[in-house]
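For reference, the chains in residue letters:
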Amino acid sequence: LFDCNISSAKSKNVINSLNSDSKSIFVTDSNVFYHYHSLFTACDLIILPTGEENKTMESALNTYKELLDYGLDRHSQLVAVGGGIICDIVGFVASTFLRGIKFSFVPTTLLAMVDASIGGKNGVNLDGYKNIIGTFSSPNNIFIDTDFLRTLSQKEISNGLAELTKSALVWDKELFCYLEDNATGILGLEISHVNHAIWEAVKIKQEIVRQDEKEINLRKILNFGHTLAHAIEKVHKLSHGESVSIGMSYALDLSIHFGEIDSGAKDRVVRLLTKFNLPTSVDITDELISAISKDKKRNLDSIDYILLESIGKAKIKNIKTSELNNLLKNL
């Protein structure tokens, strides 16, 4: 991660430059290809299907086979042009093919720009459980081009804003206040506001991962809202951003329960999430509780749950699984 180049650049120039390097294979999904097929006219290209249901070992295996057909060697590289799913699959495949080849990311969604492409986590799902198979391996380059955001649906913009809000909540109160003050402009993709928010979120994640690349301690705070969110994605089939928004809301309830923050802080967060067209509640069912018990972050009979001490400051609290289940049922 520490040698990773993260920069703002126009995607056409980036793709032309990367394509001129030693054997580069570009990987995208069918939706990105539909909107931006002209970017790939001179590229060796693998097109994967869209959707979280395709973030699987089967997709990885199919990609390995195509790389064999292309005759890649250890001097080759993969370039992911897409959202978080494409970045996760490509990072996983590149870090395991031939025991590891170079790869770069050109994220095309807000969620990927502020979160999925940053930090070196790569992986695929198994039986609906998020990122249960994966690696820590960082790309050589990440190129961010906000022009891609213009073809996103409003729902996809909101998805990214959930992760952006999370970054502010766990690390940077000033960014949270900026989001509050400029929510309408950010949601409407006013470029100056969007650029500022993206780069502040990128800097937050970079700094946290710089201090704790393998998630031994500090990096765990980036999981704020995610323990419940991953279960919601599996059980209720909501998007990642929607699920994170709900997960953060309940994590704030737990923070209040343990005396870390007051209800006024939660009210501010919920107001912002609502402005971003994100949900903040869901039915807590036995199926949802069961899914939480299989979270990859658990440790025997407990789990490190991320709470807020205040807006901009997170803490890690180890909670017994049985206690957590009871608390969630009673929220």
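Residues numbered from 1 in each chain as written. Predicted model: local features only at pLDDT ≥ 70, side-chain atom pairs only at ≥ 80, totals over all residues. Heavy atoms only, no water.

1. Looking at the overall build of the chain
- Within the chain, the secondary structure is distributed over 14 helices and 11 strands.
- Relative to a compact globule of 331 residues, whose C-alpha radius of gyration would be 20 Å, the chain shows 19 Å and is just as compact.
- Residues counted as buried form 56% of the 331 residues belonging to the chain.
- The averaged location of the 41 negative side-chain charges in the chain is 3 Å from the averaged location of its 35 positive side-chain charges. (Helix = DSSP H or I, 4+ residues; strand = E, 2+ residues; numbered from the N terminus. Rg over C-alpha atoms; globule rule 2.2 N^0.38 Å. Buried < 20%, exposed > 50% of the residue type's maximum accessible area, 1.4 Å probe, protein only. Lys, Arg positive; Asp, Glu negative; His and termini not counted. Charge placed at Lys NZ, Arg CZ, Asp CG, Glu CD.)

2. Examining the packing of helix H6 (residues 154-171) against helix H7 (residues 173-181)
- Across the interface, H6 lies against H7 with an axial gap of 6 Å and an inter-helix angle of 140°. Accordingly, the angle class assigned to the pair H6 and H7 is oblique. Two secondary-structure elements touch here, H6 through Leu164, Thr165, Ala168, Leu169 and Trp171 and H7 through Lys173, Leu175, Phe176 and Leu179.
- Residues belonging to the contact of H6 with H7 are distributed by class as follows: seven nonpolar, one polar and one charged. (Axes fitted to C-alpha atoms, helices over the stretch in contact; angles between N-to-C directions. Parallel < 35°, antiparallel > 145°, perpendicular 65-115°, else oblique. Contact = heavy atoms within 4.5 Å. Nonpolar A, V, L, I, M, F, W, Y, C, P; charged D, E, K, R; others polar.)

3. Considering the sheet that holds strand S10 (residues 302-310)
- One open sheet accounts for three strands, arranged S9-S10-S11; its pairing is antiparallel. Edge positions in the sheet fall to strand S9 (298-299) and strand S11 (313-320), since each has one partner strand and no second.
- Bridge count for S9 against S10 is two bridges, and the pairing is antiparallel. Within S10, the residue paired with Asn299 across the bridge is Ser302. (Pairing = 2+ DSSP bridges.)

4. Topic: the nonpolar core
- One finds Phe26, Leu78, Val81, Leu179, Ile198, Phe224 and Tyr305 to be the most contacted residues of the largest nonpolar core, which totals 105 residues.
- Among the elements that make up this core, the one with the highest residue count is helix H9 (residues 191-211) (eight residues). (Core = buried A, V, L, I, M, F, W, Y, C linked by side-chain atoms within 4.5 Å.)

5. Some remarks on helix H12 (residues 263-275)
- Spanning 13 residues, H12 covers 18 Å between terminal C-alpha atoms, matching the ideal 18 Å at 1.5 Å per step.
- Along H12, the residues that are buried comprise Ala265, Lys266, Val269, Leu272 and Leu273. Taken around the axis of H12, the buried residues stretch over an arc of 125°, which confines them to a single face.
- Capping the start of H12, Asp262 holds a side-chain oxygen 3.1 Å from the backbone nitrogen of Gly264, two or three residues further along. (Expected span 1.5 Å × (residues − 1). Arc of directions from axis to C-beta. Polar contact = N/O pair within 3.5 Å; in protein donor to acceptor, adjacent residues only side chain to side chain.)

6. Observations concerning the sheet that holds strand S8 (residues 141-144)
- The parallel open sheet is built from six strands, whose spatial order is S1-S8-S5-S4-S2-S3. At either margin of the open sheet sits one strand with a lone partner, and together these are strand S1 (5-8) and strand S3 (44-48). Going across the sheet, the axis of each strand differs from the next one's by a mean of 20°, ignoring polarity.
- Where strand S5 (residues 102-107) and S8 come together, two bridges link them in parallel fashion. The residue of S8 that forms the bridge with Phe105 is Ile142.
- Against the sheet, helix H1 (residues 11-19) engages strand S2 (24-29), strand S4 (77-82), S5 and S8, with an angle of about 140° to S2.

7. Re the environment of Ser281
- Here Ser281 is to be found in the loop between H12 and helix H13 (286-292).
- Taking the relative accessible area as the measure of exposure, Ser281 reaches 51% and is therefore exposed.
- Each C-alpha atom of the pair Ser281 and Ser245 lies 8.5 Å from the other, and the pair is 36 residues apart in sequence.
- The residues contacting Ser281, other than those within four sequence positions of it, are Ile246 and Tyr250.

8. Focus: the pattern of salt bridges
- For the structure shown, the criterion picks out 21 salt bridges.
- For Lys130, the salt bridge identified is with Glu233, shortest N-O distance 3.4 Å. Here Lys130, found in strand S7 (residues 129-136), pairs with Glu233, found in helix H10 (residues 226-236); they are 103 residues apart in sequence, far enough to count as distant.
- On the accessibility criterion, Lys130 (10% relative accessible area) is buried.
- Residue classification places Glu233 among the buried positions, given a relative accessible area of 10%.
- Two residues, Lys203 and Glu200, come together in a salt bridge whose shortest N-O distance is 3.0 Å. (Salt bridge = Lys/Arg side-chain N within 4 Å of Asp/Glu carboxyl O.)

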